[in-house]
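In case you want the letters, here they are:
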Amino acid sequence: MAKLDRVESLRSDNDPAPKGLRQWPAWLGIGLAALLARLPWPLQRGLGRLVGRFLHMVLRDRRRVAERNIALCFPELDAAQQASLVYRSFSELGIGLFEFARAWWGSVQPMRRGLQVEGLEHLEAARAGGRGVIVISGHFTTLEIAARLMCDYAPLAGMYRPHDQGAMEWAVKRGRLRYAAHMFTREELRPALKHLKQGGLLWFAPDQDTRRGESVFVPFFGLPAYSLTSTHQLSRLSGASVIAFAHERRADGGYTLRLSPAFEEFPSQDATADTARVMAAIEAMVRKAPAQYLWIHRRFKRQPDGRGKLYQ
């Protein structure tokens, strides 16, 4: 698998680590996570399943959210099938927690064995003529490990929501900058646009209901979902192409990363129509690996009628 040419790296991890007594609990947690990130990968997978089962028992509110989401999105499944999918999603979440730690602070060499990467030719075509590319995905439990693995083949920069806790923000950003070309916060729109205009790649997941950013209601599993128009806006302002990036943790323990052809005639003049296309692409990813999607998020908490009673 050929690696794509890299643009100039924007990495900058020279910010001083936050200090003070208030940071100590976070540093202890980060230290423990960094140690766990160095356990043998087969052991981590087993522990991850156990952690997921434990979370399924104790996170009752989040479990109820997952149950409601899956009932809404997969009404064709009977009650037992829906419960099984909820249970499996927590197991996958537990494994994902160890993957996050490895991506930030450990080695991903075990994940490189058996890795399947499909569609790099689509990314090369989208970059033709020095054009920037927006790489979209959804909030899957494989999100972080997939980004790190893809950075072996393409110089992805990321856009993210900063952590409120200073030590965690510093440690996670530093961990991501081990492999990402740059990390832009959601407020750093101008630097992100500049990166795209210079032919860079920008990866992010626009599939959650958030108070920040312009959003519209578009279908997601046949239901109105309040969705960011950021993909349309960034593409319109930068001239960048848009590509969907699916990732899956396979049953054999390997990973598949899949890049689709660039969206045709994107962006259009209609932000809502473009956002609907983005959400349809993410829905297709979810249907291929439903247990690996982050169902604990209240995706449908806002509805056009303003009642927002789907989780009551």
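Numbers given to residues run from 1 along each chain, matching the order in which its sequence is written. Only residues with pLDDT of at least 70 get local features here, since the model is predicted, and only at 80 or more are side-chain atom pairs given and counted; chain-wide, interface and lining totals rely on the full set of residues. The side-chain figures draw on all heavy atoms in the structure; neither hydrogens nor water molecules are used.

1. Topic: the overall build of the protein
This is how the line gets drawn: A run of DSSP states H or I qualifies as a helix once it reaches four residues; a run of E qualifies as a strand once it reaches two. Both are numbered from the N-terminal end. C-alpha atoms define the radius of gyration in this analysis, and the globule rule sets the expected value at 2.2 Å times the number of residues to the power 0.38. A simple rule labels every residue: compare its accessible area, found with a 1.4 Å probe on the protein chains alone, to the largest value its type can have, and call it buried under 20%, exposed over 50%, or partly exposed in between. By definition, residues are in contact when any of their heavy atoms lie within 4.5 Å. Charge assignment in this entry is limited to Lys and Arg as positive and Asp and Glu as negative, and neither His nor the chain termini are counted. Where a charge lies is defined by one atom per residue type: Lys uses NZ, Arg uses CZ, Asp uses CG and Glu uses CD.
A count of helices and strands for the protein gives eleven helices and nine strands. Here the C-alpha radius of gyration of the protein, 19 Å, is about what a compact globule of 312 residues would show, namely 20 Å. Overall size of the protein, expressed as C-alpha extent along the three principal axes, is 50 × 45 × 40 Å. The burial tally for the protein puts 51% of its 312 residues in the buried class. Put simply, 79% of the contacts in the protein that link residues at least 6 apart link residues at least 24 apart. Averaging the locations of the 45 positively and 30 negatively charged side chains of the protein gives two centres separated by 6 Å.

2. Examining the pattern of salt bridges
Note the following rule: By convention in these notes, a salt bridge is any Lys or Arg side-chain nitrogen within 4 Å of a carboxyl oxygen on Asp or Glu.
Counted according to the given criterion, the structure contains ten salt bridges. Put simply, arginine 63 and glutamate 67 hold a salt bridge, and the shortest N to O gap is 3.7 Å. Within this pair, arginine 63 and its partner glutamate 67 are both found in helix H3 (residues 60-73), separated by four residues, close to a single helical turn. A relative accessible area of 18% places arginine 63 in the buried class. The partner of arginine 302 in a salt bridge is aspartate 209, with the nearest N and O atoms 2.4 Å apart. Of the two residues, arginine 302 is situated in the segment after helix H11 (271-288) and aspartate 209 in the loop between strand S5 (201-204) and strand S6 (215-220); the sequence distance between them amounts to 93 residues.

3. A look at the pairing of strand S8 (residues 241-249)
Short version of the rule: Pairing between two strands requires that DSSP report at least two bridges joining them.
The element S8 is largely enclosed, with a buried count of eight among its nine residues. One ladder, built from four bridges, connects strand S2 (residues 133-136) with S8; its direction is parallel. Each bridged residue has a counterpart across the sheet, and for isoleucine 136 the counterpart in S8 is alanine 244. Looking at chain direction, S8 and strand S9 (residues 255-259) are connected through five bridges and run antiparallel. Residue pairing for S9: histidine 247 is matched across the bridge by leucine 257.

4. Structural notes on the packing of aromatic side chains
Test applied: Stacked, edge-to-face and tilted are the three classes for Phe, Tyr and Trp ring pairs, Trp counted by its six-membered ring, which pair at centre distances within 6.5 Å; planes under 30 degrees apart are stacked, over 60 edge-to-face, the rest tilted. Two conditions define a charge located above a ring, namely a distance within 6 Å from the ring centre to NZ of Lys or CZ of Arg, and an angle within 35 degrees of the ring normal.
One pass over the full model with this rule turns up 13 aromatic pairs. With a centroid separation of 5.4 Å and 85° between ring planes, the pair formed by phenylalanine 100 and tryptophan 104 is classed as edge-to-face. Residue phenylalanine 100 and its partner tryptophan 104 are both found in helix H4 (residues 79-105); the two are separated by four residues, about one turn of the helix. For tryptophan 104, a relative accessible area of 10% gives the class buried. Aromatic pair phenylalanine 140 and tyrosine 293: ring centres 5.2 Å apart, planes at 70°, arrangement edge-to-face. Of this pair, phenylalanine 140 sits in the loop between S2 and helix H7 (143-150) while tyrosine 293 sits in the segment after H11, and the two are 153 residues apart along the sequence. Of the two residues, phenylalanine 140 and tyrosine 293, neither departs from the other in class, the shared state being buried. Note that arginine 299 overlies the ring of phenylalanine 220, its terminal NZ or CZ placed 5.6 Å from the centroid.

5. Re the sheet that holds S9
So the rule is basically this: Angular values range over 0 to 180 degrees, each being the angle between N-to-C directions of two axes fitted as lines to C-alpha atoms, with helices fitted over their stretch in contact.
Taken in spatial order, the seven strands make up an open sheet running S1-S9-S8-S2-S5-S3-S4, and their pairing is mixed. Looking along the sheet, the strands with just one partner apiece sit at the ends: strand S1 (116-118) and strand S4 (183-185). On average, adjacent strands in this sheet sit at an angle of 25° to one another, irrespective of strand direction. Contacting S2, S8 and S9, H11 runs over the sheet at an angle of about 15° to S8.

6. Here's the deal with the confidence of the model for the protein
Cut-off, in case you're wondering: What pLDDT conveys is the predictor's confidence in a given residue, as a value from 0 to 100.
Here the protein averages 92 in pLDDT, and 95% of its residues register 70 or above. Across residues 6-11, confidence stays below pLDDT 50; counting only partners more than four residues off in sequence or on other chains, it has 18 contacts.

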